[in-house]
There are 2 protein chains.
Amino acid sequence: MRQTYEYERPALTADCVIFGLDLSAEKLNILLIERDREPFAGVWAIPGGFVQPDESPAAAALRELREETGIVNVFLEQLYTFGEPGRDPRGWVVSVAFYALVSPDKHALAAASDARRAVWFPATAPPPLAFDHQEILRVALLRLRGKLTYAPIGFELLPQKFTIKQLQKLYEIVLDRKLDNRNFRKKIFGMGVLRELAETQQGVPHRAARLYKFDARQYRQLTKRGLSFEV
Amino acid sequence: MRQTYEYERPALTADCVIFGLDLSAEKLNILLIERDREPFAGVWAIPGGFVQPDESPAAAALRELREETGIVNVFLEQLYTFGEPGRDPRGWVVSVAFYALVSPDKHALAAASDARRAVWFPATAPPPLAFDHQEILRVALLRLRGKLTYAPIGFELLPQKFTIKQLQKLYEIVLDRKLDNRNFRKKIFGMGVLRELAETQQGVPHRAARLYKFDARQYRQLTKRGLSFEV
């Protein structure tokens, strides 16, 4: 390890892939910002910005999320740090990338923000993206799909109360494959992280389905023992 | 996204937790460097150094590994980026951390390096470490244990040819728990990534055990379909 100040320093950004689920359209979406200045002015990009010296990359990501999309109180996880030479035409810029999962209750929030033009796009068919954001999105999708099979992070994409059918639909949308109903129920109940509610679904034409909640406390206990969940 | 040059820039390091397995002592080890200058002169640290503008963080980690320990051609994966304010007394220094898995064939190589005093220590009982390297080690151990249960990265810690007993021992050492022999065999053979060799173990007093190799090509095919492996 040599002296710090002999070396050139990169600019450091925190960028965040924001996933949201549209259950009625059966689509996994991402929230993008239209850039208003060069480079890539007018091109869509993952929300983000420069990290400041007094904040961690995660704090910077949360701040940019709030400033650029109005979203607060969200599931956020560090994804990967992108630092290939030449990834930014402005010079040496390294990006600590995050991904966030936004529940439908907060979708409206994001849309109401007027700080920027933030728009939801299908995660698997976005418009052309600035910088290496297409690559960041690819890695985020891989992580989300991978992690969904061993940790129940998918709950973050659902409303607080949901039906088993909605939960299965979430998995099918993100993993992009049909799951066997009976097998799915067996596995998801086998995890022991669902809490059955006394309520049933409101305003549905047919027989109303039972509603469930995710039991976060139970989940934390299970993960201490090394929970693994495979769909 | 605002202009790059309005902002202060952090120094960027790449640090690497190097895991090695000592099968005879049944220990998971990490390779540490004794720092020869301030801050933390004389204190043990994870090998690493400053990223240069013309290289990616991964390239920097591999270069530092080679310069500081003599290790080349190694399994390396990005772990996490550490950027909490105050983590380095020199000022704003952000570390892109990696972890490497070193097979026993390369342990000698590391020891032979005279660039630095590099020494293997038990991963769960290291000496006091510089900076936030204790935290980096904690996260690396979590990742290794977690990933071992769903991806067969453990093979990187074994010699090229190994017995099933050695493979099970690897899992037991890293996960720090005893596994059921029959269950382990069933699961590990069920993965379909082991290639049985015609050879048996040399120089053992008792009945020589069959040797196996990891079939990386088969593994790549399986992961495309979403392999999951749970011990």
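The sections below set out a description of the structure shown in this document. Please read these numbers as outputs of a predicted model, since none were measured by experiment.

### Some words on the overall build of chain A
Summing up its helical and strand segments, chain A has 6 helices and 9 strands in all. Split into buried and exposed, the 231 residues of chain A put 34% on the buried side. Here the analysis covers contacts within chain A between residues at least 6 apart in sequence; of these, 67% occur between residues at least 24 apart.

### Here's the deal with the relation of the copies chain B and chain A
Note: a rotation about an axis with an accompanying shift along it relates these two copies of the chain. For the match of chain B to chain A, the screw axis carries a shift of 0.0 Å, the RMSD comes to 0.0 Å, and the turn is 180°. Here the copies are linked by what is in effect a two-fold axis. Residues of chain B ranked by C-alpha distance from the rotation axis are headed by Arg9 of chain B, positioned 3.0 Å from it. Of all interface residues in chain B, 100% are interface residues in chain A too; the two copies therefore contact each other through one and the same surface.

### Looking at helix 1 (residues 57-69) of chain A
When the terminal C-alpha atoms of helix 1 of chain A are compared, their 18 Å separation across 13 residues agrees well with the 18 Å that a helix rising 1.5 Å per residue should span. Listed as buried for helix 1 of chain A are Pro57, Ala60, Ala61, Leu62, Glu64, Leu65, Glu68 and Thr69 of chain A.

### Concerning the packing of helix 4 (residues 164-175) of chain A against helix 5 (residues 181-190) of chain A
Residues and elements named next belong to chain A. Between helix 4 and helix 5, the shortest axis-to-axis distance is 11 Å and the interhelical angle comes to 100°. Of the possible angle classes, the one that applies to helix 4 and helix 5 is roughly perpendicular. Contacts between helix 4 and helix 5 pair Ile164, Leu167 and Gln168 from the former with Asn181, Phe184, Arg185 and Ile188 from the latter. A per-class count over the contact of helix 4 with helix 5 returns 4 nonpolar, 2 polar and 1 charged.

### Some points on unusual backbone geometry
Following Glu38 of chain A, the chain continues to Pro39 of chain A via a peptide bond in cis, the omega torsion being -5°. Phi is positive for Phe40 of chain A, which is not a glycine, with a value near 65°.

### Section: the nonpolar core
What tends to happen in soluble globular proteins is that the nonpolar side chains get buried as a cluster. By size, the foremost hydrophobic cluster in this structure holds 110 residues, and its most contacted members are Val17 and Phe19 of chain A together with Val17 and Phe19 of chain B. When residues no more than four places from it in sequence are discounted, the contact partners of Val17 of chain A are Ile30, Ile46, Leu79, Ala97, Tyr99, Ile136, Leu137 and Ala140 of chain A.

### Remarks on the interface of chain B and chain A
Of the residues lining the interface, 35 residues belong to chain B; the matching set on chain A comes to 36 residues. Where the side of chain B that touches chain A is concerned, the elements lending two or more residues are strand 1 (11-22), strand 4 (48-50), strand 5 (75-82) and strand 6 (93-102) of chain B. In terms of residue class, the side of chain B that touches chain A is built from 16 nonpolar, 10 polar and 9 charged.

### Regarding the environment of Arg220 of chain A
All names here are of chain A. Mapped onto the secondary structure, Arg220 falls in helix 6 (residues 216-224). Judged by local crowding, Arg220 falls into the exposed class, with 11 C-beta atoms found within 10 Å. On a C-alpha basis, the gap between Arg220 and Val43 in space is 41 Å, while along the polypeptide they are 177 residues apart.

### Some details on the pairing of strand 1 of chain B
On any regular strand, side chains alternate: one points to one face of the sheet, the next to the other face. Residue and element names in this part refer to chain B. The buried fraction of strand 1 is high, at 11 of 12 residues. Pairing of strand 1 with strand 6, which is carried by 10 bridges, proceeds in the parallel orientation. Bridging across to strand 6, Leu12 finds its partner in Val94. Pairing of strand 1 with strand 4, which is carried by 3 bridges, proceeds in the antiparallel orientation. Paired with Thr13 across the strands is Phe50, a residue of strand 4. Bridge count for strand 1 against strand 2 (residues 27-34) is 4 bridges, and the pairing is antiparallel.

Conventions adopted
Residues numbered from 1 in each chain as written. Chains lettered and ligands numbered in written order. Predicted model: local features only at pLDDT ≥ 70, side-chain atom pairs only at ≥ 80, totals over all residues. Helix = DSSP H or I, 4+ residues; strand = E, 2+ residues; numbered from the N terminus. Buried ≥ 20, exposed ≤ 12 C-beta atoms within 10 Å, placed from the backbone. Contact = placed C-beta atoms within 7 Å. Least-squares fit on C-alpha atoms with pLDDT ≥ 70 in both. Expected span 1.5 Å × (residues − 1). Axes fitted to C-alpha atoms, helices over the stretch in contact; angles between N-to-C directions. Parallel < 35°, antiparallel > 145°, perpendicular 65-115°, else oblique. Nonpolar A, V, L, I, M, F, W, Y, C, P; charged D, E, K, R; others polar. Core = buried A, V, L, I, M, F, W, Y, C linked by C-beta atoms within 7 Å. Pairing = 2+ DSSP bridges.

The values are spatial; any link to function lies outside them.
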